[in-house]
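Structure assessment
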Amino acid sequence: MNKTTCLLLLLLFPLFLTAQNDSIQKKLKFTADFRFRVEQDWNSQKPDGSQRDDRTRLRYRARIGATYDFKDWVSFGMRIRTGQANKQQDPQLTIGDQFSSVPIAFEKIYANFNYNWLSAWIGKNTFPFEKQNELFWSDNVFPEGVALSGKFSFENEFVQSLKVNTGHFIFATSGTSLGNDSYFEGIQLVSSHWQNRVKFFPAFYYFKNMPDIPDGGDTFNIDYSVVHLGTNVVLLKNPKVTAGFDYYQNMQDYHGNDSIPKFLQDQKTGYVANAGIGTLNKKGDWKVQLTYTYLERFAAVDYLAQNDWARWDYSSQGSPDGRLTNFKGLEIMAGYALAENMDLKVRFFTVEQLLAYGTTKENGNRIRLDFNIGF
């Protein structure tokens, strides 16, 4: 019995239980989504000054998940996806690459706990910190570890709620003590103000013993101490107009690290600004959003951030993961809701490298059309 068959049997087993027991049926919930993508890349320059070939791809992704409520305060969840298991940032499959079979991997598997104002999870789950884009952490990267949150509500006009998020997550185990692992920890304060129209979410993230290159191609380990200041404002409610800003500053001093080139040792700052109008909640809704980013080399861990904006990766070092820091660029997104949980999105990206790794700065243009449907 191959891995794909085992995963499908594991997913279908709760369906059998559901048919046998009405009480289980009330506690068991399923979700699924599917994406089809048309993607075009052009005018992408390599570090040596040569041009990458223009590329057109047809891609797709499917996911199925389930949650089971054991008690009012504890539940179990899991989700599987199509996609190569070693491509954490990119679960999409390209049509024509996997004709004989479809690879499937676990995306999430966790136990969740809720009691009054306190919530927690253990296992592999969604990034538990507030964010408004994927420039620091990709939506496709699901950390493993322990997360803890406490939320407090207030009945006044100035502050509606205050939430504290924290956690410890292991990127790679050392097989010895926890202190020798590659891991990251975070603590974040999220406050909502003025009828939830203004949100602040300052945070501090500490990354320890992170490899400079993922998937076994590393030559040294590096630490990050990133201060994040984020805010989002609802300027108008109808139509909904929003604006947001993120600022990142890595506080580590790399001047004594001979493994890091001198021209990169002070590259530790990043910021992202966005503005949007509209929503995609129900049939006929539309949305337009602009996002500008400026992200220096060590403002984020590049292989944990998104890989949407450009074709830059670590393939020459044996890893399929992207390296999306050390760039500035613009994204323009336009979306239209065909129905509830069904939409079309067009996303255009244009990027330019801040500092060249070779003789020439890398750049690139990309446009995508996504059809998304959820169940």
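Further up the page is the structure itself.
Conventions used here
Residues numbered from 1 in each chain as written. Predicted model: local features only at pLDDT ≥ 70, side-chain atom pairs only at ≥ 80, totals over all residues. Heavy atoms only, no water. Salt bridge = Lys/Arg side-chain N within 4 Å of Asp/Glu carboxyl O. Helix = DSSP H or I, 4+ residues; strand = E, 2+ residues; numbered from the N terminus. Buried < 20%, exposed > 50% of the residue type's maximum accessible area, 1.4 Å probe, protein only. Phe/Tyr/Trp six-rings, centres within 6.5 Å; stacked < 30°, edge-to-face > 60°. Patch = residues over 30% accessible without salt bridge, like charges linked within 9 Å, V, L, I, M, F, W, Y side chains within 5 Å. Areas by Shrake-Rupley, 256 points an atom, 1.4 Å probe, with all protein chains shown as cover.

1. Remarks on the pattern of salt bridges
Using the criterion set out here, one finds 25 salt bridges in the structure. Where Glu-362 meets Arg-52, a salt bridge forms, and the shortest distance between an N and an O atom there is 2.7 Å. On the criterion of sequence distance, the pair formed by Glu-362 in the loop between β17 (342-353) and β18 (363-374) and Arg-52 in the loop between β1 (28-42) and β2 (55-69) is long-range, its members being 310 residues apart. Accessibility assignment for this pair places Glu-362 and Arg-52 in one class, buried. Residues Arg-323 and Glu-362 are paired through a salt bridge, measuring 3.0 Å at the closest nitrogen-oxygen approach. A residue pair is termed long-range when its members are at least 10 positions apart, and Arg-323 in the loop between β15 (286-295) and β16 (327-339) and Glu-362 in the loop between β17 and β18 qualify at 39 residues. Per residue, the accessibility class of Arg-323 equals that of Glu-362, and both read buried.

2. Considerations on the packing of aromatic side chains
In this structure the tally under the stated criterion is 27 aromatic pairs. Summarising the aromatic geometry, the rings of Phe-171 and Tyr-303 are spaced 5.7 Å apart at their centres and angled 40 degrees between planes, so their arrangement reads as tilted. With Phe-171 in strand β8 (residues 159-172) and Tyr-303 in the loop between β15 and β16, this residue pair connects regions lying 132 residues apart in the sequence. With relative accessibility at 1%, the residue Tyr-303 sits in the buried group. Where Trp-312 meets Phe-327, the ring centres are 6.2 Å apart and the plane angle is 90 degrees; that geometry is what we call edge-to-face. Of this pair, Trp-312 sits in the loop between β15 and β16 while Phe-327 sits in strand β16; the two residues are 15 residues apart in sequence, bridging distant segments of the chain. Note on Trp-312: relative accessible area 1%, which makes it buried. A relative accessible area of 0% places Phe-327 in the buried class.

3. Thoughts on unusual backbone geometry
Across the junction of Asn-238 and Pro-239, the peptide omega takes the value -5 degrees, indicating a cis bond. Inspection of the secondary structure puts Pro-239 in the loop between β12 (221-237) and β13 (240-250). Non-glycine residue Asn-116 carries a positive phi angle of around 55 degrees. Inspection of the secondary structure assignment puts Asn-116 in the loop between β5 (104-115) and β6 (118-124).

4. A closer look at a nonpolar patch on the surface
Together, Val-38, Leu-58, Ile-95, Trp-286, Val-288, Tyr-336, Leu-338, Leu-344, Val-346, Ile-367 and Leu-369 line one region of the surface with nonpolar side chains, adding up to about 840 Å² of accessible area. Listing elements by their share of the nonpolar patch, those giving two or more residues are β15, β16, β17 and β18. Inspection of the secondary structure puts Tyr-336 in strand β16.

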